[in-house]
Amino acid sequence: MTKYSMAVDLDRCQGCRACMTACTIENNTVQSNHWMYVFRFEEGTFPETEMSFLPRPCQHCDNAPCVKVCPVGSRFKREDGLVLTDADRCIGCRYCELACPYGVNYFNWQKPEKGQYDVVDWKDDDLEAVTGGLIPPYRNPDLDELYGEEQRHTAGGGHAKGVIEKCTFCVHRVEKGLEPACADTCPTNALVFGDIDDPESPISAYLKDRSPWQLLDEAGTKPNVYYIGGKPPNKELKEIERPKATV
Amino acid sequence: MLKVNRRKFVRGSTTVAGSAIVADKFLFGSFSGVTAAQGPEVAGPVEDFVATTCWIGKQDCGMIARRIDGRVVKFEGNPTNPRNVGTLCPKGQAQIQAVYDPNRVKWPLVRTNEKGVTGEWRRASWDEALDMVADTVSEVRERDPKKVLWQKGRSKAKDFYDDAFVKSTGASKLGHGAFCSDAGYRALEYTLGTHAVLHPDFRYCNYMLSWGWNITNAGGNKFCWLTWPRHMVEARDRGMKITHLDPRLRSAGPFADTWLPIRPASDLAMALALCHELIALDYLDRPYLSTYTNAPFLVKPDGMVAKVTIGEGEEAEEVGLVWDEEAGEAVPFGETDNPALEGEFELDGEMVKPGFQVFKEHVEENTPEWAAELTGLSAAEISKVAREFGENAQIGSTIVVDGVEVPYRPVGIMAYHMAQQEMGFQTARAMTMVPMLVGAVGAAGGQLSDFTWKIHKNYAKFEKFTVNDPPYDFVLNGSKYFPINTGFPGMVAKVMLDPERYGVEELPEVAILHMVNPLNSFPSQKEYLDSYGKFKFVAVISPWLSETADYFADVVLPAATIEKYEGPISATDQYVDAVTLRIPPMEPLFESRGEIDIYMDLCERLGVLFGDDGYLSVVNKELKLVDTEFALPLDQMPEVRDIFDRWSKSQGIEEGIAFFEDPDNGTFVKGPVSPTKMYGYVAETPFGGALHRLYGDSLLDAQNQMKEKGAEEIYWQDYTALPTWRSPTMDSSPSEYEFYLISYHQIEHKQSRTSFVPMLAELAPGSYLDMNPESAKRLGIDDGDEITVESQNAITGETRSLVTKAVYCEAIRPDTVAMPHHFGMWTHPQNKGQGASANEIYFTGEGYMTNTADQSFHVKVKVTKGSEA
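Quick summary incoming for the structure in this document. Because the structure is a prediction, the values reported are computed rather than measured.

Overview of the overall build of chain A
Thought 1: Scanning chain A for helices and strands turns up eight helices and ten strands.
Thought 2: In summary, chain A has a C-alpha radius of gyration of 18 Å against a globular reference of 18 Å for 247 residues, a match within 12%.
Thought 3: Expressed as a percentage of the 247 residues in chain A, the buried residues total 54%.

What to know about the interface of chain B and chain A
Thought 1: Each side of the interface is counted separately: chain B has 63 residues, and chain A has 64 residues.
Thought 2: Only strand 4 (71-77), helix 1 (90-99), helix 5 (227-238) and helix 24 (758-763) of chain B provide two or more residues apiece to the side of chain B that touches chain A.
Thought 3: For the side of chain B that touches chain A, the element with the highest residue contribution is strand 4 of chain B, accounting for six residues.
Thought 4: Per-class residue counts for the side of chain B that touches chain A are 36 nonpolar, 15 polar and twelve charged.

Overview of helix 1 of chain B
Thought 1: Burial analysis of helix 1 of chain B places ten of its ten residues in the buried class, which makes it a mostly covered element.
Thought 2: Against the buried residues of helix 1 of chain B lie helix 1 (18-27) and helix 7 (181-185) of chain A together with strand 3 (62-68), strand 4 and helix 24 of chain B.

Structural notes on helix 22 (residues 697-708) of chain B
Residues and elements named next belong to chain B.
Thought 1: Relative to the 16 Å expected for twelve residues at 1.5 Å per residue, helix 22 spans 17 Å between its end C-alpha atoms, a close match to the ideal helical length.
Thought 2: What helix 22 keeps buried is the set Asp697, Ser698, Leu699, Asp701, Ala702, Gln703 and Met706.
Thought 3: Lining the buried residues of helix 22 we find helix 23 (713-716).

Observations regarding unusual backbone geometry
Thought 1: Between A:Phe46 and the following residue, A:Pro47, the backbone shows a cis peptide bond with an omega angle of -5 degrees.
Thought 2: For A:Pro47, the position within the fold is in the loop between strand 2 (37-45) and strand 3 (48-56).
Thought 3: For the bond running from A:Ile135 to A:Pro136, omega is -10 degrees, close enough to zero to count as cis.
Thought 4: At B:Leu476, a residue that is not glycine, the phi angle is positive and equals roughly 65 degrees.
Thought 5: Structurally, B:Leu476 can be placed in the loop between helix 12 (457-461) and helix 13 (489-497).
Thought 6: When the 22 C-beta atoms within 10 Å are taken as the criterion, B:Leu476 is described as buried.
Thought 7: A positive phi is found at B:Ser524, a non-glycine position, where the angle reads about 70 degrees.
Thought 8: Mapping B:Ser524 onto the fold places it in the loop between helix 14 (518-521) and helix 15 (525-531).
Thought 9: B:Ser524 sits in the buried class, given 24 other C-beta atoms within 10 Å.

Remarks on the packing of helix 6 (residues 267-280) of chain B against helix 9 (residues 368-375) of chain B
All names here are of chain B.
Thought 1: At their nearest, the axes of helix 6 and helix 9 sit 9 Å apart, and the two run at 165 degrees to each other. The orientation of helix 6 with respect to helix 9, classified from their angle, is roughly antiparallel. Handedness of the helix 6/helix 9 crossing: left-handed. Contacts between helix 6 and helix 9 pair Ala269, Met270, Leu272, Ala273 and Glu277 from the former with Pro368, Trp370, Ala371, Leu374 and Thr375 from the latter.

Things to note about the pairing of strand 32 (residues 799-808) of chain B
Residues and elements named next belong to chain B.
Thought 1: Pairing analysis gives three bridges linking strand 30 (residues 769-771) to strand 32, with the strands arranged parallel. Bridge pairing links Leu769 to Ala806 in strand 32.
Thought 2: For strand 31 (residues 786-792) and strand 32, the ladder comprises seven bridges, and the chain directions are antiparallel. Looking across to strand 32, one finds that Ile787 is bridged to Thr804.
Thought 3: Here strand 31 hands over to strand 32 after six residues, with Gly797 in that stretch at a positive phi of 80 degrees.

Points about the packing of helix 4 (residues 182-191) of chain B against helix 11 (residues 424-437) of chain B
All names here are of chain B.
Thought 1: It is the contact of helix 4 with helix 11, at a shortest axis distance of 8 Å, that shows an interaxial angle of 50 degrees. Judged on the interaxial angle alone, helix 11 and helix 4 are oblique. Note on packing geometry: the crossing formed by helix 4 with helix 11 is right-handed. From helix 4, Ala183, Gly184, Arg186, Ala187, Leu188, Tyr190 and Thr191 reach across to helix 11, where they touch Gly424, Phe425, Ala428, Arg429 and Thr432.
Thought 2: Among the residues forming the contact of helix 4 with helix 11, the class breakdown is six nonpolar, four polar and two charged.

Some words on the sheet that holds strand 17 (residues 345-347) of chain B
All names here are of chain B.
Thought 1: Judged by pairing direction, the sheet is antiparallel, and its three strands sit side by side in the order 13-18-17 without closing on themselves. Bordering the open sheet on either side are strand 13 (298-299) and strand 17, each of which pairs with just one other strand.
Thought 2: Here helix 8 (residues 355-362) sits on the sheet in contact with strand 13 and strand 18 (350-354), set at roughly 80 degrees to strand 18.

Thresholds, definitions, all that
- Residues numbered from 1 in each chain as written.
- Chains lettered and ligands numbered in written order.
- Predicted model: local features only at pLDDT ≥ 70, side-chain atom pairs only at ≥ 80, totals over all residues.
- Helix = DSSP H or I, 4+ residues; strand = E, 2+ residues; numbered from the N terminus.
- Rg over C-alpha atoms; globule rule 2.2 N^0.38 Å.
- Buried ≥ 20, exposed ≤ 12 C-beta atoms within 10 Å, placed from the backbone.
- Contact = placed C-beta atoms within 7 Å.
- Nonpolar A, V, L, I, M, F, W, Y, C, P; charged D, E, K, R; others polar.
- Expected span 1.5 Å × (residues − 1).
- Axes fitted to C-alpha atoms, helices over the stretch in contact; angles between N-to-C directions.
- Parallel < 35°, antiparallel > 145°, perpendicular 65-115°, else oblique.
- Left-handed = near helix turned anticlockwise from the far one by under 90°.
- Pairing = 2+ DSSP bridges.

Right under this line is the structure:
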């Protein structure tokens, strides 16, 4: 069986958030919807101070609470491990958002075009001559397609007002044999993606002699994201340098 | 035009799954989920890829642009480029929003209102705008080409801009270096002969002093952010330890094994104390000091080196004398294998000492206890750093690298912007002496600076300074103020405001501003506000309406961003040699054009494009096309693509530029850099033939000349043979200005070309002041409060202020406050509400620059709650 997983090496992560921008562009998500989110933390009192970073994608849990609560089968887990959302089925009840202990679900509060960084006028006439009026101008056509054996509308974001979206591990890229956009861009290779059931895969090799831990292991969610180095977050951490608006 | 590679495919419509493509990043043994397109293919969007090079940052990382029907939908890192090996930083990713930004300057603009206020513009044709620039420049140029000032912030094709345009027009050139780390460059050109700033050999380094290195947010001298931090994490995987010297911990994030929160501007004291301790603990590489430095040169009581002339006629050269202990006499350097480093000897009736002896006595009082008071660190901490550095240096050891035995000293300093302080030149010199003492310069694992040991022309120039009487040119070259002179736009602004004060008679009349925004990006905004209005004509070449253009441009010529041919661009990561080009992934947007096109058109109008010494002729020289079959004809304007096609072929690339356009290539990898190029000890001529200047008697000579010419102490006080501590000028500000203000770079931004990119502005939205909560609470300031930050110039008494918000930060010294420096812009809708830039309250000029005419980024400030409005 294939089981897609991600390793996050906190001994390597520089907290640069390139993964966040790569995700936003690849998936055409709207502003504030950071499917991949990198926490920057400060801890302690001067001069006994420490800093740490924590990238947090969807954990693609084996025992995903979001899947259980979805009343319409929009949220589902694929055989290859991906936990996905069918944008055409979602009714926007936000049960998944409440059920998830990781805060990875993002609601589309407004028409997608409005959330596409509309401080810039993407409908500018001269720009339309170049882009054909697409919003965002870097709109990725892969996201309109149907994926998996189920042939469902699961890729990308910003599809419609009133639906929930979250990290798909870039299902549309994975099906082409590409890494998710976040792992692809990571400047220090802190994000390693692959089939954890395949002992020859990069992620299996990476985890082999390391001692990974998982976020909220005690919640019984059986996440498929493995952290290396650092330490699980605690209540003493103070988050710094938040983006302009977080949902 | 663009080659479509094997990844090209025709996607089905939304109802047909895309063809399964085996891409070069295929990760998995097997994967499920994709079904190949079945049945008749439905015509759909065409996907293709083109290799190019990032534009938005400094490092010029290799990229692959993914295009759908010719429209770029994403930039990704090019795996073949050694610098970024397939990765990109947040800016590299987000720049796609910048490319499509309709707030770019779409077409040439001509000003219709007065200068010094927000501009009003009319649309002009390229012909009209270029004619206007050419007419004005021609008129001034005929009188004196030096009165045409070409100023750059960043130049991404030096051969075409700095060299061909400037040389063919005879214009004066001004760069950004004095705001960067050029005091450090001057210090290393002086001390080692190389043109760069300290960085370690990450491949072998085991112990690194990260000295003011903004590891997680910036980069270094040769690279921006991607390459060195990647090398750094790999070195940490190997076990390298990092001691981080910085008033803020944020710069190192989790990577500091030890954090020493040093007081701003006390780095010189720290470096001198480290030298003191290394000498006291006898961590000394005497063979290196005796053979490759001037440490054995005999210094006379007047501070000058005793020299003798060897050879005759044209071959005559002055050589320092050293003491041959066996013979009991002074001999020319090189005539004894074992010159004295210590002691005192009689020479021609005078008592003389080796330079090392003078240095040892010089740092005698610079004990850890002495430095503790200045740096805010403990003597024990300082001493521990010296011990760790000395122990880890493994003096005397060697290692075999690619079959070559190389001295092995796995210790180094990574420091770049440490030079941006009042004593930056001497601080960088003193910091270089730390690895010099243990023999780590040019050793495997040790201290590197440039990528090669090619000696910079300044090394010889700095052997003997000539200080002239006025009148001076407006850059003050050869003046009694700056015998070493980086070329400082801050001083040029001051000179323009008061030429008489500086003995200057001729000022520049027109300015061509290339990718530069002095009004926002340079500290001490007021000087630029006051002086740029004095240009009778300003042409700005920029993709966006910079703040400087808004206030002072007569004509704005819209440059393309990434959509142009540009280069050649080095792609080395210092261990592998490679080169690349910037390739337009789409046509220039709107009416923008690549700068090379703009300059060729301008040169044609100025009559300097063709013929010997014309623009094309200089391009031939700089690209090394002269006397090759690929040389550009000097009588016709080429296509820019054709220029790079010729250059590519001259590099032995048969396909020409198509090689660089090909997404499977894009980078011309020449192979590993040999140890004989990388390590100074084993270079064909060790250290490129430079004798490292531990002792700098020509600096002392410069001081003497400056005094003779009547220069004030503030100009000559740091021209000393050895780095000498003094209190920084800002420390004499009144005590109410209790904080040191420093500013810093955020990884989301780059200078003044990103804070309006929406995705980056979302991540790093605006200005704030980091304050230690202890200090803030004492002043009644809560986290998030609006505050006023007021700076004071300790020399003139002038005060400046800005309003921002306080952010509590435990990881900063209580006597230090810090601001990100990317904001304070106003011409783009995204800039609204982003807040102020520290550049508004820094000062430039005397007391706030180095002795080499480089800007200091330090000032004392007071912080009060609320806005004074």
